[in-house]
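Fold and geometry: a report
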Amino acid sequence: MLFLLAYISSVVLINFAFSAAPHLDIIWSAWGGLVFILRDMVQTRFGHGAIVAMLAALVLSYVTSDPTIALASATAFAVSECIDWLVFTITKRPLHDRLWISSALSIPIDTFIFFGLIDALTPAVVITALLSKFAGVTAVWLIMAWRLRKQAIAG
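Residues numbered from 1 in each chain as written. Predicted model: local features only at pLDDT ≥ 70, side-chain atom pairs only at ≥ 80, totals over all residues. Heavy atoms only, no water.

As named in an unreviewed UniProt entry, the chain is PreQ0 transporter, taken from Pseudomonas marvdashtae.

Some points on the packing of helix α3 (residues 50-64) against helix α4 (residues 67-90)
Operational definition: Here an axis means a line fitted to C-alpha atoms, over the contact stretch when the element is a helix, while the angle between two N-to-C directions is reported on a 0 to 180 degree scale. Here a strand is any run of E in DSSP of at least two residues, a helix any run of H or I of at least four, and the numbering for each starts at the N terminus. Reported orientations rely on four angle classes, namely roughly parallel under 35 degrees, roughly antiparallel over 145, roughly perpendicular from 65 to 115, and oblique for the rest. Here a crossing is called left-handed whenever its near helix is offset anticlockwise from the far helix by less than a right angle, and right-handed whenever the offset is clockwise. Here a residue-residue contact requires only that any non-hydrogen atoms of the pair lie within 4.5 Å.
Their axes nearest at 9 Å, the elements α3 and α4 cross at an angle of 170°. If you check the angle between α3 and α4, you find them roughly antiparallel. As for how α3 packs across α4, the hand of that crossing is left-handed. Judged by residue contacts, I51, M54, L58, S61 and Y62 of α3 engage P67, A70, S73, A74, F77, A78 and E81 from α4.

Thoughts on the environment of S102
The following threshold applies: Pairs of N or O atoms within 3.5 Å make up the polar contacts considered here, provided that, within protein, one atom can donate a hydrogen while the other can accept it, and that residues adjacent in sequence are counted only when both atoms are side-chain atoms.
Here S102 shows up in helix α5 (residues 95-117). Distance in space between the C-alpha atoms of S102 and W85 is 8.3 Å, their sequence separation being 17 residues. Those residues in contact with S102 that sit more than four places away from it in its chain are I83, D84, V87 and F88. Within the structure, the side chain of S102 is placed 3.1 Å from the side chain of D84, a separation counted as a polar contact.

Description of the UniProt feature "transmembrane region" (unreviewed entry) in the chain
Applicable threshold: UniProt positions are given in the numbering used here, feature names are shortened, and annotations may be inferred rather than shown by experiment.
The sites that UniProt annotates as "transmembrane region" (unreviewed entry) are residues 45-63, 99-118 and 124-146. End C-alpha atoms of residues 45-63 are separated by 27 Å, and the span's content is 84% helix alongside 0% strand. Overall, residues 99-118 shows 95% helix and 0% strand. The separation of its end C-alpha atoms is 27 Å.

Re the confidence of the model for the chain
The line we're drawing: Residue-level confidence of the predictor is summarised by pLDDT, bounded by 0 at the bottom and 100 at the top.
Overall, the predicted model of the chain reaches an average pLDDT of 87, with 100% of residues at or above 70. The lowest-confidence element of the chain is helix α2 (residues 25-46), averaging 80 in pLDDT; the highest-confidence one is helix α1 (residues 2-20), averaging 92.

Brief notes about empty space enclosed by the protein
If a probe as big as a water molecule is rolled over the atoms, it shows which places are left empty. To keep things clear, this is the line we draw: A 1.4 Å probe that fits but cannot get out identifies a cavity on a 1 Å grid over protein atoms alone, an open set with protein on both sides within 12 Å along at least five of seven lines counts as a pocket, and a residue lines either if it has an atom within 4 Å of a point. Grid points are joined across faces, edges and corners, and a volume is the space filled by probe spheres set on the points. Residues are grouped as follows: Ala, Val, Leu, Ile, Met, Phe, Trp, Tyr, Cys and Pro are nonpolar; Asp, Glu, Lys and Arg are charged; all remaining types, including Gly, are polar.
Within the structure shown, the criterion is met by one cavity of 30 Å³ or more. The calculated volume of the largest cavity comes to roughly 180 Å³. Forming the boundary of the largest cavity are 16 residues, of which I14, G32, D110, F114 and K133 lie nearest the centre. Listing elements by their share of the lining of the largest cavity, those giving two or more residues are α1, α2, α4, α5 and α6 (123-154). Here the lining of the largest cavity takes five residues from α2, the largest share from any one element. Each residue belonging to the lining of the largest cavity can be placed in one class, and the counts come to ten nonpolar, four polar and two charged.

Side note on the pattern of salt bridges
Oppositely charged side chains are able to pair whenever their charged atoms sit close together. Under the convention used in this document: Here, a salt bridge means any Lys or Arg side-chain nitrogen found within 4 Å of an Asp or Glu carboxyl oxygen. Buried, partly exposed and exposed residues are distinguished by accessible area as a fraction of the type maximum, computed with a 1.4 Å probe on protein chains only: under 20%, between the cut-offs, and over 50%, respectively.
Taken as a whole and judged by the stated rule, the model has four salt bridges. Ionic pairing is found between R39 and D84, a salt bridge with its closest N-O pair at 2.7 Å. Here D84 lies in helix α4 and R39 lies in helix α2, a separation of 45 residues in the sequence. Across the pair, D84 and R39 agree in class, each one buried. D110 is the partner of K133 in a salt bridge, and the nearest nitrogen-oxygen pair spans 3.1 Å. Residue K133 is located in helix α6, and its partner D110 is located in helix α5; the two are separated by 23 residues in the primary sequence. In terms of burial, K133 and D110 fall into one category: buried. A cluster of three or more residues bridged by salt bridges with shared partners is formed by R39, E81 and D84.

As structure tokens, then:
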């Protein structure tokens, strides 16, 4: 439940931050990595129910943030969630691999859609967003792979 609340709160807060202080877009784009980690944790725990959490976060974002930011976030999340859903549904690989594969496909698309729609598609912002998101997802992948190896050795 902690990851669920942290995920919804992070989406709302990051959208509010982009609305309130758009000149700090590099900072907010780095924060995006946390959102992807939390999304992966929510997906791991709740499966496709993560879409309900995303919808709740986007409704709250629309109420608390600039509607343009909320719409850009909703569009980017919708596309990336569809990619994630396809990877999780079609791929038969272990969970940690599906998380990384889905992120490798969805992170660049999400990044370009969101920053393109809010007119902040600059090299610095894109690079910061991509690096933070991939660093976070890779950290989650490494932790999950380590746990699997540890269980295999113990079993």
